[in-house]
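What follows is the residue order along each chain.
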Amino acid sequence: MTPRMAAAITDAGSRSRRSSKHNHEARMAAIHAEAQAIVATGKCPRCGNALHRNSSMTGWWQCSCYPSPAMRTVGYVDMERYPKCDFQCFTA
Ligand SMILES: [Zn+2]
């Protein structure tokens, strides 16, 4: 990265930081509230299968049909039989 590029990035950051911080927090709160409502139902809003918590990160929930085999709940390992659904959300 050239010094000029670095300066341009820093400029853009300082210009938007003050006004966007509050917006960002409000947005995250809305996203988390929505996710909590979804998790409370226990079901994926896309495909209706169960949601399960991914314990590798706080507040991370995924559809039990998540395409990655390692993330799939036991019982949904049959990739052909069950739909692939990549729904995930964060409650924290
Ligand atoms: Zn799903």
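Presented here is an overview of the structure given in this document. From a predicted model like this one, the values you see are computed outputs, not experimental measurements.

Secondary structure assignment for the protein chain yields one helix and three strands. Listed by position from the N terminus, the elements making up the protein chain come as α-β-β-β. Split into buried and exposed, the 92 residues of the protein chain put 24% on the buried side. A separation of at least 24 residues holds for 37% of the contacts in the protein chain among residues at least 6 apart in sequence.

Turning next to the coordination of the zinc ion. Put simply, a metal with four donors set out as a tetrahedron has ideal angles of 109.5 degrees, and one with six donors set out as an octahedron has ideal angles of 90 or 180 degrees. Around the zinc ion, the protein contributes the donor atoms C44 (SG), C47 (SG), C63 (SG) and C85 (SG), which lie 2.2 to 2.3 Å from the metal centre. Around the zinc ion, the four donor atoms sit at angles spanning 102 to 117°, and that spread fits a shape best called tetrahedral. Given a relative accessible area of 30%, C47 falls into the partly exposed group.

To continue, consider the sheet that holds strand β3 (residues 88-90). Sheet architecture is open: three strands sit in the order β1-β2-β3, paired in antiparallel fashion. Looking along the sheet, the strands with just one partner apiece sit at the ends: β1 (51-53) and β3. Put simply, the sheet's adjacent strands are angled 25° from each other on average, direction ignored. Of the strand pairs in this sheet, β1 and strand β2 (residues 60-63) are connected by three bridges, and their pairing is antiparallel. Across the sheet, residue R53 finds its bridge partner in β2, namely W61.

Cut-offs applied
Residues numbered from 1 in each chain as written. Predicted model: local features only at pLDDT ≥ 70, side-chain atom pairs only at ≥ 80, totals over all residues. Heavy atoms only, no water. Helix = DSSP H or I, 4+ residues; strand = E, 2+ residues; numbered from the N terminus. Buried < 20%, exposed > 50% of the residue type's maximum accessible area, 1.4 Å probe, protein only. Contact = heavy atoms within 4.5 Å. Donors = N, O, S within 2.8 Å, 3.2 Å for Na, K, Ca; no water. Tetrahedral: all angles 85-135°; square planar, octahedral: opposite > 155°, others 65-115°. Pairing = 2+ DSSP bridges. Axes fitted to C-alpha atoms, helices over the stretch in contact; angles between N-to-C directions.

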